[in-house]
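Residue strings, one per chain:
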Amino acid sequence: MATSSIRVDDEDGIAVVTLRHGKANTLDTEFCLELSLRLEDVQLSGARGVVLTGTGGIFSAGVDLRRVHDGGADYIEEFLPALSDAFLSVFGFPGPVVAALNGHAIAGGAVLAAACDFRVLAEGPSRIGITELLVGVPFPLAALEILRSGFGADVLAELAFLGETHLPEDALRHGLVNEVTAPENVLPRAVALAKKLAEIPAAAYAHTKAQLHRPFHERIAEHRTGDDAHVLELWSSPEALAAIKAYVERVLSR
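How each quantity is defined
Residues numbered from 1 in each chain as written. Predicted model: local features only at pLDDT ≥ 70, side-chain atom pairs only at ≥ 80, totals over all residues. Heavy atoms only, no water. Buried < 20%, exposed > 50% of the residue type's maximum accessible area, 1.4 Å probe, protein only. Helix = DSSP H or I, 4+ residues; strand = E, 2+ residues; numbered from the N terminus. Pairing = 2+ DSSP bridges. Axes fitted to C-alpha atoms, helices over the stretch in contact; angles between N-to-C directions. Contact = heavy atoms within 4.5 Å. Salt bridge = Lys/Arg side-chain N within 4 Å of Asp/Glu carboxyl O. Expected span 1.5 Å × (residues − 1). Bend = angle between axes of the 7 residues up to and from the residue. Phe/Tyr/Trp six-rings, centres within 6.5 Å; stacked < 30°, edge-to-face > 60°. Core = buried A, V, L, I, M, F, W, Y, C linked by side-chain atoms within 4.5 Å. Arc of directions from axis to C-beta.

A. How the structure looks around the pairing of strand β5 (residues 97-101). Burial analysis of β5 places five of its five residues in the buried class, which makes it a mostly covered element. In this sheet, β5 lies alongside strand β3 (residues 49-53) in parallel orientation, the contact comprising four bridges. Within β5, the position partnered with Thr 53 by the bridge is Ala 100.

Next up, the structure:
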């Protein structure tokens, strides 16, 4: 890829993976493919853990709806599998993965956060929430199972159906994040936590993580093919494309 949307730095064996894709780290096909490849490279490099973070005041604002609107059904057909694969590349990483949520984690950004083992969120105006249904599109199965794993089944229906976003203290109370700290401390704290987790023998950590994730991976493996086809049909429908167009014009074109 000519222009990299992801930077990887080494912090004493911890790979700090920084998303830097435009103003809001929105998720498009190219970005998702790059994230999957970068995490594969990180795993092969022997890094002891990963910290996933963003730039500025936004971790990730989720799917690039302008690209979806402009590309239509043909773009959606290539984008949705890449999106699920990117989520799974984070969720399936065998070592410790800590999210340093420097700012807003919305929709697909919240899924990326949920895919991590631990989440540290910046104090202040940062919000986290899953807003897909407010746009008018359903979740891919992989995203929903990752959210179920990361945030818990008890709050998932409320999060999904209401689509509300939560400020740091509410996010902590709902169990969406593990810690809240000052913005300048988010990355150092996440790196320190990743280093602490990396002290656990790698094989033991990977096996335990695989055990914890097994029910979610099994449901994804069993149902993804059929469900993804239906999600593709729903995202590509005239109703969904009209809803996305209306959302772009109402919210993103301000």
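B. Spatial organisation of the sheet that holds strand β1 (residues 6-11). An order of β1-β2-β3-β5-β7-β9 is seen for the six strands of this open sheet, with the pairing classed as mixed. Strand pairing shows two members of the sheet lacking a second neighbour, β1 and β9 (179-181), which therefore form its edges. Averaged over all pairs of adjacent strands, the angle between strand axes in this sheet comes to 20 degrees, irrespective of strand direction. Those strands touched by helix α8 (residues 186-198) are β1, β2 (14-19), β3, β5, β7 (118-122) and β9, and its axis lies near 170 degrees from that of β5.

C. The arrangement of the pattern of salt bridges in detail. In the structure shown here, the tally under the stated rule is 13 salt bridges. One salt bridge connects Arg 38 with Glu 34, and the closest N-O pair in it is separated by 3.7 Å. With a gap of four residues between them, Arg 38 and Glu 34 both fall in helix α1 (residues 29-45), about one helical turn apart. Look at Arg 38 and you get partly exposed, because its relative accessible area is 24%. Here the residues in one salt-bridge network are Asp 28, Glu 30 and Arg 67, joined through shared partners.

D. Local environment of the side chain of Lys 209. Mapped onto the secondary structure, Lys 209 falls in helix α9 (residues 202-235). Residue Lys 209 is classed as buried on the basis of its relative accessible area, which comes to 7%. When residues no more than four places from it in sequence are discounted, the contact partners of Lys 209 are Phe 91, Phe 93, Pro 94, Gly 95, Val 97 and Asp 117.

E. Spatial organisation of α9. Relative to the 50 Å expected for 34 residues at 1.5 Å per residue, α9 spans just 40 Å between its end C-alpha atoms, considerably shorter than the ideal helical length. Maximum bend of α9: about 65 degrees, positioned at Arg 224. At its buried positions, α9 is contacted by α2 (65-91), β5, α5 (141-151), α8 and α10 (238-252).

F. Geometry of the packing of aromatic side chains. Tallied over the entire structure, the rule returns one aromatic pair. Relative to Phe 79, the ring of Tyr 75 lies with its centre 5.6 Å away and its plane at 10 degrees, an arrangement referred to as stacked. Here Tyr 75 pairs with Phe 79, and both are found in helix α2, just four residues apart, close to one helical turn. For the pair shown, Tyr 75 and Phe 79 are each scored as buried.

G. Representation of the pairing of β2 within the structure. Most of β2 sits inside the fold, with six of its six residues counted as buried. The alternating pattern of β2 places Ile 14, Val 16 and Thr 18 on one face and Ala 15, Val 17 and Leu 19 on the opposite face, and all of these are buried. Sheet analysis places β1 next to β2, joined by six bridges and oriented antiparallel. What sits directly across from Ile 6, in β2, is Leu 19. A loop of two residues connects β1 with β2, the two strands running antiparallel in sequence, and Asp 12 in this loop sits at a positive phi of about 55 degrees.

H. Geometry of the sheet that holds strand β8 (residues 128-129). Sheet architecture is open: three strands sit in the order β4-β6-β8, paired in parallel fashion. Looking at strand neighbours, the two that pair on one side only are β4 (58-60) and β8, the edges of this open sheet. Here strand β6 (residues 104-106) pairs with β8 via two bridges, running parallel. Bridge pairing in β8 places Ile 106 opposite Gly 129.

I. Representation of the nonpolar core in the model. Core analysis: the biggest nonpolar cluster contains 66 residues, and Leu 35, Val 90, Leu 101, Ile 128 and Trp 235 have the highest contact counts within it. Grouped together as the second largest cluster of nonpolar side chains are 15 residues, Val 16, Ala 122, Ala 194 and Ala 198 included.

J. Quick look at α8. Its 13 residues place the ends of α8 18 Å apart at the C-alpha level, agreeing with the 18 Å of an ideal helix rising 1.5 Å per residue. What α8 keeps buried is the set Val 186, Ala 190, Val 191, Leu 193, Ala 194, Leu 197 and Ala 198. For α8, the arc enclosing every buried residue in end-on projection is 165 degrees, short of the 170-degree limit, so these residues lie on one face.

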